[in-house]
Amino acid sequence: MSVYEKMDLMKTDKRDIDGPDGAGIQKMFNEIAGSYDLLNRILSFGIDNRWRRKGLSMFNRRAPLRLLDLGCGTGDLSRLSFRFGFTSVVGADFSMEMLLKGKPGNRDFSGISLCAADAGRLPFKDSSFTSCCIAFAVRNFQDRGGALREISRVLDDSGELMIIEFSMPGSRLIRFMYNIYFFHILPVIGWAVSGNYRAYKYLPQSVGKFPSVEDFSELILGSGFSRVRAARLTLGIAHIYLAVK
Ligand SMILES: C[S@@+](CC[C@H](N)C(=O)[O-])C[C@H]1O[C@@H](n2cnc3c(N)ncnc32)[C@H](O)[C@@H]1O
């Protein structure tokens, strides 16, 4: 290996070395799209939707609102956003299967349009949106700083970004119980329902490798946002970040 190749490897996030790369993640979500919604409800005991509602309630901007739901998957958050004043929503995701799985559910929501897009190269003009939300997707982005800068570009002045993401609980006892559930129970249930063990083994691994709340907040601030605050959810197993451009 040449010195230059070694230097490149050192610059690479560890995730890129031992986790799936962008294409691998895309393939994985395409594979589990069929059972994704059902498994979400089972594995989170329904808490995920409570978190989504809380996240959407934290936006401060008033109508008219144009929302980008990035890494929208099957579109739960896009549809829910209509209860929070949003009337125009673009759901973007790089997994075509996830978009297609969610599409029938959008029938009653004429304000939703779907777009196949990678978070690192958003096909939208500058200042296209007032608001952006990302639920449980940002930890999968290969170049998070690049994606955050792209989001900042497509948000208008004082545009808001809301992110919901898992985090490691601070308490040792909770972390112990969390690890048992996430590393040993969840992959087995995931495998039993979806037939894909690898995808549900990846989930806790990716949470473990996600930066701390402080480090991720710093990354947001260094990527085109002027303010950020984080709200802790359910024993610290997830956080909501609200950032303003
Ligand atoms: C765990 S799912 C979350 C879906 C949805 N936001 C929800 O709340 O249920 C993560 C989604 O992020 C998408 N995703 C991951 N990396 C992406 C990227 N670089 N660009 C666009 N979408 C991405 C995946 O395809 C997947 O649909």
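Position numbers for residues count from 1 along each chain, tracking the sequence in the order it is written. With the structure being a predicted model, the display of local features is reserved for residues of pLDDT at least 70 and the display and counting of side-chain atom pairs for 80 or more, all residues being used for whole-chain, interface and lining totals. Hydrogens are left out, water is left out, and the side-chain values use all remaining heavy atoms of the structure.

Draft legend 1. Geometry of the overall build of the protein chain. A helix here means a DSSP run of H or I that spans at least four residues, while a strand means a run of E at least two residues long, and both kinds are numbered starting from the N terminus. What the protein chain contains, in helices and strands, is 11 helices and seven strands. Our radius of gyration looks at C-alpha atoms and nothing else; its globule reference is 2.2 Å times the residue count to the power 0.38. Computed over the C-alpha atoms, the radius of gyration of the protein chain is 18 Å, within 12% of the 18 Å expected from 2.2 N^0.38 for a compact globule of 245 residues. Overall size of the protein chain, expressed as C-alpha extent along the three principal axes, is 45 × 45 × 35 Å. Residues counted as buried form 51% of the 245 residues belonging to the protein chain. It only takes one pair of heavy atoms within 4.5 Å for two residues to be counted as in contact. Restricting the contact set of the protein chain to residue pairs at least 6 apart, pairs at least 24 apart contribute 69%. Where the 33 positive side-chain charges of the protein chain centre and where its 25 negative ones centre are 5 Å apart. Each residue gets one of three labels from its accessible area relative to the maximum for its type: buried under 20%, exposed over 50%, partly exposed in between, using a 1.4 Å probe on protein chains only. Charge counting follows a simple rule: Lys and Arg are positive, Asp and Glu are negative, and His as well as the terminal groups are ignored. By convention, charge coordinates are those of NZ in Lys, CZ in Arg, CG in Asp, or CD in Glu.

Draft legend 2. Region of the structure containing the packing of helix α9 (residues 172–194) against helix α10 (residues 197–209). Contact pair α9 / α10: the axes reach a minimum separation of 7 Å and the direction vectors enclose 155°. One finds that α9 runs roughly antiparallel with respect to α10. In terms of crossing hand, the pair formed by α9 and α10 is right-handed. Every residue of α10 that contacts α9 at Y178, F182, F183, L186, P187, V188, G190, W191 and S194 is listed here: Y197, Y200, K201, L203, P204, Q205 and V207. By residue class, the composition of the contact of α9 with α10 is 12 nonpolar, three polar and one charged. Convention adopted: a line fitted to C-alpha atoms gives each axis, helices being fitted over their contacting stretch, and angles between N-to-C directions are expressed from 0 to 180 degrees. Here roughly perpendicular refers to angles of 65 to 115 degrees, roughly parallel to angles under 35, roughly antiparallel to angles over 145, and oblique to all remaining angles. A crossing counts as left-handed when the near helix is turned anticlockwise from the far one by less than a right angle, and as right-handed when that turn is clockwise. Under the convention adopted here, Pro, Cys and the residues Ala, Val, Leu, Ile, Met, Phe, Trp and Tyr are nonpolar, Asp, Glu, Lys and Arg are charged, and Gly plus all remaining residues are polar.

Draft legend 3. Structural context of the site of the ligand. A single heavy atom is enough: if one lies within 4 Å of a molecule or strand, its residue is considered near that molecule or strand. For the ligand, the set of nearby residues contains 19 residues, the closest of which are R52, G71, D93, A119 and A135. Between D118 and the ligand, the recorded distance is 3.4 Å, taken from a side-chain N or O atom to a nitrogen atom. Nitrogen and oxygen atoms within 3.5 Å of one another constitute a polar contact, given that in protein one can donate a hydrogen and the other can accept it, and given that sequence-neighbouring residues count only through two side-chain atoms. Take A135: an N or O atom from its main chain is 2.9 Å from a nitrogen atom of the ligand. About the coverage of the ligand: the protein hides 97% of its 590 Å² of free accessible area. For the shell around the ligand, the residue count by class is 11 nonpolar, five polar and three charged. Residue-level accessible areas treat just the shown protein chains as cover; the underlying method is Shrake-Rupley with a 1.4 Å probe.

Draft legend 4. Here's a closer look at the packing of helix α3 (residues 22–32) against α10. Orientation of α3 relative to α10, taken along the N-to-C sense of each, is 120°, at an axis distance of 10 Å. Compared by their axis directions, α3 and α10 come out oblique. The element α3 and its partner α10 pack so that their crossing is left-handed. Each of I25, M28, E31 and I32 in α3 lies in contact with α10, whose residues at this interface are R198, A199, Y200 and Y202. Classifying every residue of the contact of α3 with α10 by side-chain character gives six nonpolar, no polar and two charged.

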